[in-house]
Amino acid sequence: MAAPDDEATVPTPGGEGLPELLAARRRKLERLRAEGIDPFPPEFDGVVPTADVRAAHEDLADGAEADARYRVAGRLAARRGGGKAAFLDLVDRSGRIQLHARVDVLGQASLDRLVGLDLGDLIGVDGTVFRSRRGELSLRVEDWTLLAKSLRPPPEKHHGVQDVETRLRHRELDLIGNEDARARFVTRARIVSALRRGLDEAGFVEVETPVLQPLYGGANARPFTTHHNALDRELFLRIAPELYLKRLIVGGLERVYELGKDFRNEGVSHKHNPEFTMLEFYEAYADYGDVATRTEQLVAAAAGAAGYAGELDFTPPWRRETLTEAIRSRTGIDILAAHDRDALAAAMAARGLTVPPEDTWAQLVDELVSKHVEPTLIQPTFLTDYPVELSPLAKRHRDDERLVERWEAYAQGMELANAFTELNDPDEQRRRFEQQRADAAAGDAEAQPYDESFLQALEQGMPPTGGVGLGVDRLVMVLTGQRTIREVVLFPAMRDEGETAR
RNA sequence: GCGCGUCUAGCUCAUCGGGUAGAGCACCGGACUUUUAAUCCGGCGGGCUGGGUUCGAGUCCCAGGACGCGCACCA
């Protein structure tokens, strides 16, 4: 990032402080080079995680020496003493270990050079295990190697980086300075692995479908658009992989899933990032009840992999409640009885609820759910059986033609997943697209485009199928106890910034 | 997009009714062979940007920027 001449060209907001700190590190870099030391050597073989060292010597008594030698590597995080002996703390991905450096082992020159390193420098160490009189498992440094010089000051050693903007724009500093951030992203990886493992073991095939799509679909959202020069055409970043995955079901893959990024050109909030990670899976010969069971199991397994120990109970089966009943119990409004725009608006107004004047019936239902139902769904819950108007890709309910076989899964007052028994009647799908086209003509910016190619695939014959879309970032939020999505996304969307020193 | 709030040293934070801004960590120099927020002595370093009011502005006013919270938007 910062070229050496940055300091000369960029106005320095911090006065003389930062340049002096940078200059001090560069002086050390040059001194090391002058002493014939390569500050950026190419490798360091045979490194063992510090957690392994710790685990192997749990029983070592205070003040005792072990007959074991280890090679560890990491970042220099703290330093105590000097002169004839010093203690240093080394941090790697697995944790932290104390080093003890003594002049009678290393010689004065090597000790001085080690003590003269900057906090944040990366070093490799060969050392023998002992436990200090105060009970701290330590390595006595027998040999050490500079692995990379750090030319910028590290975060404050006790408090880490607190400033939210710095933590997000320079996530590396967050990860260096804040152990909980490091742990959280490792947990995220474990959750993703658990989801993949669960589907793989159930015989699902992982696939990759286009991110750049000639026509977007599979969700109600505004897309990002881009342009392909050679083809000279507009393309969309996908808002969902749904339609492609169903074509694979038509093709006979029977159980498919895709885990990847979707893109929606909408607002940023504590639970929305313009690019986010979605898991979609489709299962032939299954309905929405079957995939609800599978979702419960997958999420419960992910919670286990994350070591989740919070207030939520993900043990199957989760609570199930119909959407109609959920709205009725919270507001007293029966959306099926008030089944047109004016009737529903009147019912809402009669109860003192605000009625957005431009909203359609479907949007009013959405409003009731998000304002009055969603916040009450703390424990994992399936909200089932949605009005057909809200769900252009879902199959009509087998017992009630006003509804579709659809559920959304909620936890911690937040939507985690959405699923249907998939609509596989091509003629009805065509009618639903036509309705969407009418909605778009009436000004609905999020109506789904008419996709003739997808309709042709359905005409080929799609088996009865259950499909699920699960918001992975939100699941990670819930399982790691985070209130905002940007704490679980490594590099969340941020406004542009004039590149100043951090 | 709207409203409210925040912005002080590299980092974490103080301070004041408008009158020459402090600490800890880090950094530089020195002491120290079992420390662990090591300690001790000495040193370096600062008011988001741009206007305005005022004898004097980090402090009051205006505009801008970034960030935070809420709302709006949001399968």
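Everything quoted here is computed from the prediction, not taken from an experiment. (Residues numbered from 1 in each chain as written. Chains lettered and ligands numbered in written order. Predicted model: local features only at pLDDT ≥ 70, side-chain atom pairs only at ≥ 80, totals over all residues. Heavy atoms only, no water.)

Looking now at the nonpolar core. Counting residues in hydrophobic clusters, the biggest one holds 43 residues, and the most contacted among them are I335, L344, V365 and L383. Broken down by secondary-structure element, the contributors of at least two residues to this core are helix 9 (242-250), strand 11 (275-284), helix 11 (323-331), helix 12 (341-350), helix 13 (361-373), strand 13 (381-387), strand 14 (403-411) and helix 15 (452-459). Considering each element in turn, this core owes the most residues, seven residues, to helix 13. Excluding residues that lie within four positions of it along the chain, L383 makes contacts with E321, T322, L323, A326, V369, V373, L377, R406, W407, E408 and Y410. Core analysis: the second largest hydrophobic core is formed by 40 residues, L195, W318, W407 and V489 among them. (Core = buried A, V, L, I, M, F, W, Y, C linked by side-chain atoms within 4.5 Å. Buried < 20%, exposed > 50% of the residue type's maximum accessible area, 1.4 Å probe, protein only. Helix = DSSP H or I, 4+ residues; strand = E, 2+ residues; numbered from the N terminus. Contact = heavy atoms within 4.5 Å.)

Taken together, 58 residues surround RNA strand B, and among them R134, E165, N220, H272 and E415 come closest. Those atoms of RNA strand B that come within 4 Å of the protein belong to sugar or phosphate at a rate of 65%. Here a sugar or linking oxygen of RNA strand B and a side-chain polar atom of E266 are 3.0 Å apart. With respect to RNA strand B, the side chain of R406 contributes an N or O atom lying 3.3 Å from a sugar or linking oxygen. Listing elements by their share of the surface near RNA strand B, those giving two or more residues are helix 2 (17-34), strand 1 (65-82), strand 2 (85-92), strand 3 (95-102), helix 4 (103-106), helix 6 (164-169) and strand 15 (414-421). Of the residues forming the surface near RNA strand B, the biggest block, five residues, is contributed by helix 2. Partitioned by chemical class, the residues of the surface near RNA strand B number 15 nonpolar, 17 polar and 26 charged. (Near = heavy atom within 4 Å. Polar contact = N/O pair within 3.5 Å; in protein donor to acceptor, adjacent residues only side chain to side chain. Nonpolar A, V, L, I, M, F, W, Y, C, P; charged D, E, K, R; others polar.)

A barrel is described by the order of its strands in space; here five strands give the closed sequence 1-2-3-5-4, paired in mixed fashion. Averaged over all pairs of adjacent strands, the angle between strand axes in this sheet comes to 55°, irrespective of strand direction. Strand contacts of helix 5 (residues 108-115): strand 1, strand 2, strand 3, strand 4 (122-131) and strand 5 (137-148), with the helix running at about 80° to strand 5, the strand carrying the most contacts. (Pairing = 2+ DSSP bridges. Axes fitted to C-alpha atoms, helices over the stretch in contact; angles between N-to-C directions.)

Our next topic: the pattern of salt bridges. Scanning the model with the defined rule gives 41 salt bridges in all. In this structure, E321 and R330 form a salt bridge, with 2.6 Å as the shortest nitrogen-oxygen distance. Look at E321 and you get buried, because its relative accessible area is 12%. In this structure R330 comes out as partly exposed when scored by relative accessible area, which is 28%. One salt bridge connects R402 with D400, and the closest N-O pair in it is separated by 3.0 Å. Each member of the salt-bridge network shares a partner with another, and the members are R167, R171, D174, D180, R184 and E487. (Salt bridge = Lys/Arg side-chain N within 4 Å of Asp/Glu carboxyl O.)

The next point concerns empty space enclosed by the protein. Throughout the structure, instances matching the rule amount to one cavity of 30 Å³ or more. Estimated volume of the largest cavity: approximately 30 Å³. The wall of the largest cavity is formed by Q213, L215, G217, A240, L243, Y244 and D451. For the lining of the largest cavity, the per-class residue count stands at four nonpolar, two polar and one charged. (1 Å grid on protein atoms, 1.4 Å probe; cavity = no way out; pocket = protein on both sides within 12 Å on 5 of 7 lines; lining within 4 Å. Points joined across faces, edges and corners; volume = space filled by probe spheres on them.)

The next point concerns helix 5. Taken residue by residue, helix 5 has S110, L111 and L114 as its buried positions. An end-on view of helix 5 places all buried positions within 100° of arc, on one side of the element. (Arc of directions from axis to C-beta.)

Moving on: the side chain of H100. Mapped onto the elements of the fold, H100 is located in strand 3. Not counting the four nearest positions on each side in its chain, H100 is found in contact with A85, A86, F87, F130, L139, R140 and V141.

Attention shifts here to the packing of helix 9 against helix 15. Viewed as axis vectors pointing N to C, helix 9 and helix 15 meet at an angle of 25°, and their least axial separation amounts to 9 Å. Taken together, helix 9 and helix 15 sit at an angle that is classed as roughly parallel. Seen along the crossing, helix 9 lies across helix 15 with a hand that is left-handed. For the pair helix 9 and helix 15, contact is made by L243, K246, R247 and V250 and by S453, F454 and A457, respectively. Class assignment of the residues belonging to the contact of helix 9 with helix 15 gives a composition of four nonpolar, one polar and two charged. (Parallel < 35°, antiparallel > 145°, perpendicular 65-115°, else oblique. Left-handed = near helix turned anticlockwise from the far one by under 90°.)

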